[in-house]
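Descriptive structure summary
Chain by chain, the residues:
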Amino acid sequence: MYLRPTTLEEAVHALAESRGTILSGGTDFFPALGDRAVTAPVIDISAVAELKGIHSTGDTITMGGRTTWHEILDAPLPRGFDGLKAAAREVGSVQIQHVATIAGNLCNASPAADGIPALMALDAEVTLASVSGMRRIPLANFVLGNRRTKRRPDEILSAVTVPRRLENSASAFLKLGSRRYLVISIAMVAANLVIDERGKIAEALLAVGACSASALRLRELEQSLRGVPAQPGIGRKVKQQHLAELSPIDDIRATAVYRKEAAQVLVERALESCVERAS
Ligand SMILES: Cc1cc2nc3c(=O)[nH]c(=O)nc-3n(C[C@H](O)[C@H](O)[C@H](O)COP(=O)(O)OP(=O)(O)OC[C@H]3O[C@@H](n4cnc5c(N)ncnc54)[C@H](O)[C@@H]3O)c2cc1C
């Protein structure tokens, strides 16, 4: 069965009734099939216009779940979104960025998904829609592990919301891979720093991806940076203990030891980059 609803209302009903699988840009969906044919019902949400677009309300900026990485790159977003734009530029290739969506990246929940740390460093929340209504949960709680999320099978990720208190934060995203383009991350780091009028860090948000089953915020380091002057040399504040929660794996791309060292260097560089951007 193949269904292509045109409204979110139709889409959640189609999903609830068919117990099918959601198809959006298809850039994770089809590769995951390998040689297998599609057997489960497919709910193709690519015609649901209300899942598109980026808009600001009083204290939030909301991106529809079907917003593509290209649309994020193309949008006139405030500087706090520079890290998210840098992540968007890293998702596959230009062709992939034109069809691949933010919700697909978050729901596929690969440990190497570029969008997850970038949106975690923006304190993003996800909205999940179903026939029983909407619920909103922090992205940091939504992703549970490698390809595991809190999404129920009857839910569509309809939107991603970022608080506007971060819109003027200094923001950076750094990805390390074994080559420059079309590469799966060895490690990646996203950082957003809110700097007060005295030049001190009022709020730090730091997330590391590809170094544990799901991206992690470095809460202890974030706390320790509060009140610290946002000056060059800030990277020296990063200690190994701040990355203790990471649990990287050995795989074909890198060893666990290398990943952890690389993550520390990327955190240091991301902080320096934020300070430079803020000055
Ligand atoms: C060649 C290639 C290179 C890539 N490189 C990168 C890379 O460098 N970095 C990176 O992070 N990713 C990369 N990807 C993965 C992929 O492009 C992204 O994860 C993309 O954002 C997925 O979005 P999509 O719309 O294509 O999702 P789909 O493939 O349509 O869906 C992915 C999963 O999410 C579910 N889903 C989709 N939308 C929703 C929704 N609104 N609500 C609930 N569930 C939903 C689907 O059921 C499916 O399980 C690459 C993929 C390819 C093919």
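Look above for the structure.
Only a predicted model underlies this, so the values are computations on that prediction, with no experimental measurement involved. (Residues numbered from 1 in each chain as written. Predicted model: local features only at pLDDT ≥ 70, side-chain atom pairs only at ≥ 80, totals over all residues. Heavy atoms only, no water.)

The full set close to the ligand counts 31 residues, and Ile22, Thr27, Asp28, Phe29 and Thr101 are the nearest of them. Between the ligand and Gly26 there is a distance of 2.8 Å, counted from an oxygen atom to a backbone nitrogen or oxygen. A distance of 3.0 Å separates an oxygen atom of the ligand from a polar atom in the side chain of Trp69. Taken by itself the ligand offers 990 Å² of open surface, and the protein chains cover 85% of this. Top element by residues in the shell around the ligand is helix H6 (residues 102-108). It accounts for five residues. Here the shell around the ligand is composed, by residue class, of 16 nonpolar, ten polar and five charged. (Near = heavy atom within 4 Å. Polar contact = N/O pair within 3.5 Å; in protein donor to acceptor, adjacent residues only side chain to side chain. Areas by Shrake-Rupley, 256 points an atom, 1.4 Å probe, with all protein chains shown as cover. Helix = DSSP H or I, 4+ residues; strand = E, 2+ residues; numbered from the N terminus. Nonpolar A, V, L, I, M, F, W, Y, C, P; charged D, E, K, R; others polar.)

Note that Asp114 resides in the loop between H6 and helix H7 (115-120). Residue class for Asp114 comes out buried when judged on its relative accessible area of 6%. Within the structure, the side chain of Asp114 is placed 2.8 Å from the side chain of Lys175, a separation counted as a polar contact. Excluding residues that lie within four positions of it along the chain, Asp114 makes contacts with Ala87, Glu90, Val91, Asn105, Phe173, Lys175, Ser185 and Met188. (Buried < 20%, exposed > 50% of the residue type's maximum accessible area, 1.4 Å probe, protein only. Contact = heavy atoms within 4.5 Å.)

So, about the nonpolar core. In terms of nonpolar packing, the biggest core is built from 43 residues, with Met63, Leu84, Leu106, Leu119, Leu139, Phe142 and Val160 touching the most fellow members. Those residues within four positions of Phe142 in sequence are excluded, and the remaining contacts are Leu106, Cys107, Val126, Leu128, Ile137, Arg148, Thr149, Lys150, Arg151 and Leu157. Ala172, Leu206, Leu218 and Leu243 belong to the second largest nonpolar core, which has 28 residues in total. (Core = buried A, V, L, I, M, F, W, Y, C linked by side-chain atoms within 4.5 Å.)

On to the sheet that holds strand E11 (residues 170-176), then. Two strands in a sheet stick together by hydrogen bonds in their backbones, pointing the same way (parallel) or opposite ways (antiparallel). Strand order in the open sheet formed by four strands is E11-E12-E13-E14, with antiparallel pairing between adjacent strands. The open sheet has two edge strands, E11 and strand E14 (216-217), and neither has a second partner. Note: E11 against strand E12 (residues 187-195), seven bridges, orientation antiparallel. Looking across to E12, one finds that Ala172 is bridged to Ala191. (Pairing = 2+ DSSP bridges.)

Per the counting criterion, the structure on display carries one aromatic pair. Measuring from ring centre to ring centre gives 5.0 Å for Phe29 and Phe30, while their planes differ by 80 degrees; the resulting arrangement is edge-to-face. Take Phe30: its relative accessible area is 46%, and that puts it in the partly exposed class. (Phe/Tyr/Trp six-rings, centres within 6.5 Å; stacked < 30°, edge-to-face > 60°.)

Our next topic: unusual backbone geometry. A positive phi angle, near 50 degrees, is found at Ala109, a position not held by glycine. Among the structural elements, Ala109 can be located in the loop between H6 and H7. Residue Arg147 is not a glycine yet carries a positive backbone phi of 60 degrees. Checked against the element boundaries, Arg147 lands in the loop between strand E8 (143-145) and strand E9 (148-149).

For the rest of this paragraph, the subject is the environment of Ile61. Topologically, Ile61 is positioned in strand E5 (residues 60-64). It is 32 Å that separates the C-alpha atoms of Ile61 and Ala32, two residues lying 29 residues apart in sequence. Beyond its immediate stretch of four places on either side in the chain, Ile61 contacts Ile54, His55, Ser56, Leu77, Pro78, Phe81, Val160, Thr161, Val162, Arg164 and Glu167.

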